[in-house]
Amino acid sequence: MAGASVQWLTGMGFALVAAPALVLVVGPADGVRLVNCAAGVISLIGFTGDWRRVRPGAMVPLILASVCTVPAGSWVASRLPASALLICMGGLVTVLVLFVMRGGRMTALRGVRGALTAGAAGGFMNSSAGVGGPPISMYAVNAGWTVREFVPNAQFYSIIVNAVSVASNGVPRVGGTVWELAAAGLALGAVLGKFLADRVPEDGARRLVLLLALTGGITTLAKGVWGL
């Protein structure tokens, strides 16, 4: 619900908020798979009314590079012990959030080469840790995209890459109750996010996403270290 809410508020942030918590609740492997499924669904719902603003020229290299690295991320995740995967995921989210919070930019993420780099990193991170959005966000920042331009393109990217990640990783092996709770959370979060979208300032919403993601990243990192 929290992930879906911030996704509607800002157009991004579902995986950053939801992935650390879901990994803690249902385990690293199934948590990542569940994030891939849910992120694809919530992006598809948001994308249906915004598809006309997609920029195919920019998205093709991003998506092609991501699709190529998804299998590598799946392979790495399947061979890491649970504690190691928690540490990698928690540490990765924490570092990326702190980098974004400090206003970090990377000049390498510009042009076609930047799109390929961001896409490759995003695909690997999405299938291995369920968090593929930060490299795409950084690419958009360096490319000078406005939020209005970014949102539909990020949703389009999320639909494709999460579909490929599910095909590579498989669906989560969880019971029917977990699926029902996840679906209810997505629905409630979408309603809540839509209600708050016109009432919460954009800067405040972004800060909330980052703070929630940072908390989740640190908690996941701590649990992984504790389990060693």
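This structure is a prediction, so every number in the text was calculated from the model and none was measured. All residue numbers refer to positions counted from 1 along the written sequence of the respective chain. Totals for whole chains, interfaces and linings use every residue, but because this is a predicted model, local features are given only for residues with pLDDT of at least 70 and side-chain atom pairs only at 80 or more, for both listing and counting. Excluding hydrogens and water, the side-chain values take into account all heavy atoms of the structure.

1. Description of the confidence of the model for the chain
Then, in step 1: Known as pLDDT, the predictor's per-residue confidence is scaled from 0 to 100. Taken residue by residue, the chain gives an average pLDDT of 81. The fraction at 70 or more is 92%.
Then, in step 2: Mean pLDDT per element in the chain: helix H10 (residues 202-226) is the minimum at 74, and helix H9 (residues 176-197) is the maximum at 88. Numbering of helices and strands runs from the N terminus, with a helix taken as a DSSP run of H or I at least four residues long and a strand as a DSSP run of E at least two residues long.

2. Side note on the nonpolar core
The nonpolar side chains of soluble globular proteins are, as a tendency, buried together.
Then, in step 1: Counting 19 residues, the largest nonpolar core has Met59, Leu62, Ile136, Tyr139, Trp145, Phe150 and Tyr157 as its most contacted members.
Then, in step 2: Elements represented by at least two residues in this core include exactly helix H4 (56-79), helix H6 (111-129), helix H7 (133-143) and helix H8 (147-169).
Then, in step 3: Of all hydrophobic cores here, the second largest spans 13 residues; its members include Val32, Val35, Val93 and Val131. Buried Ala, Val, Leu, Ile, Met, Phe, Trp, Tyr and Cys residues that are joined via side-chain atoms within 4.5 Å together make up what is termed a nonpolar core. Burial status follows relative accessibility: with a 1.4 Å probe on protein chains alone, a residue under 20% of its type maximum counts as buried, one over 50% as exposed, and anything between as partly exposed.

3. A word on H6
Then, in step 1: Between its terminal C-alpha atoms H6 stretches 26 Å, which fits the 27 Å expected from 19 residues at 1.5 Å a residue.
Then, in step 2: Among all positions in H6, only Gly114, Ala115, Ala118, Gly119, Gly122, Gly123, Met125, Asn126, Ser127, Ser128 and Ala129 are buried.
Then, in step 3: One or two positions beyond H6, positive phi appears at Gly130, with a value near 80 degrees. In this scheme, a helix's expected span is set at 1.5 Å multiplied by one less than its residue total.

4. Notes on helix H1 (residues 2-10)
Then, in step 1: Within H1, 7 of the 9 residues are buried, which leaves it mostly tucked inside the rest of the structure.
Then, in step 2: Those residues of H1 that fall on the buried side of the exposure criterion are Gly3, Ala4, Ser5, Val6, Gln7, Leu9 and Thr10.

5. Here's the deal with the side chain of Thr94
Then, in step 1: With respect to the helices, strands and loops of the structure, Thr94 is situated in helix H5 (residues 82-101).
Then, in step 2: Residue classification places Thr94 among the buried positions, given a relative accessible area of 11%.
Then, in step 3: At a separation of 3.4 Å, a polar atom in the side chain of Thr94 contacts the main-chain amide nitrogen of Ile218.
Then, in step 4: Contacts of Thr94, omitting those with residues within four sequence positions, involve Leu214, Gly217 and Ile218. Polar contacts, as counted here, are pairs of nitrogen or oxygen atoms within 3.5 Å of one another; within protein the pair requires one atom able to donate a hydrogen and one able to accept it, and residues that are adjacent in sequence qualify only if both atoms are side-chain atoms. Note on contacts: a residue pair qualifies if any of its non-hydrogen atoms lie within 4.5 Å across the two residues.

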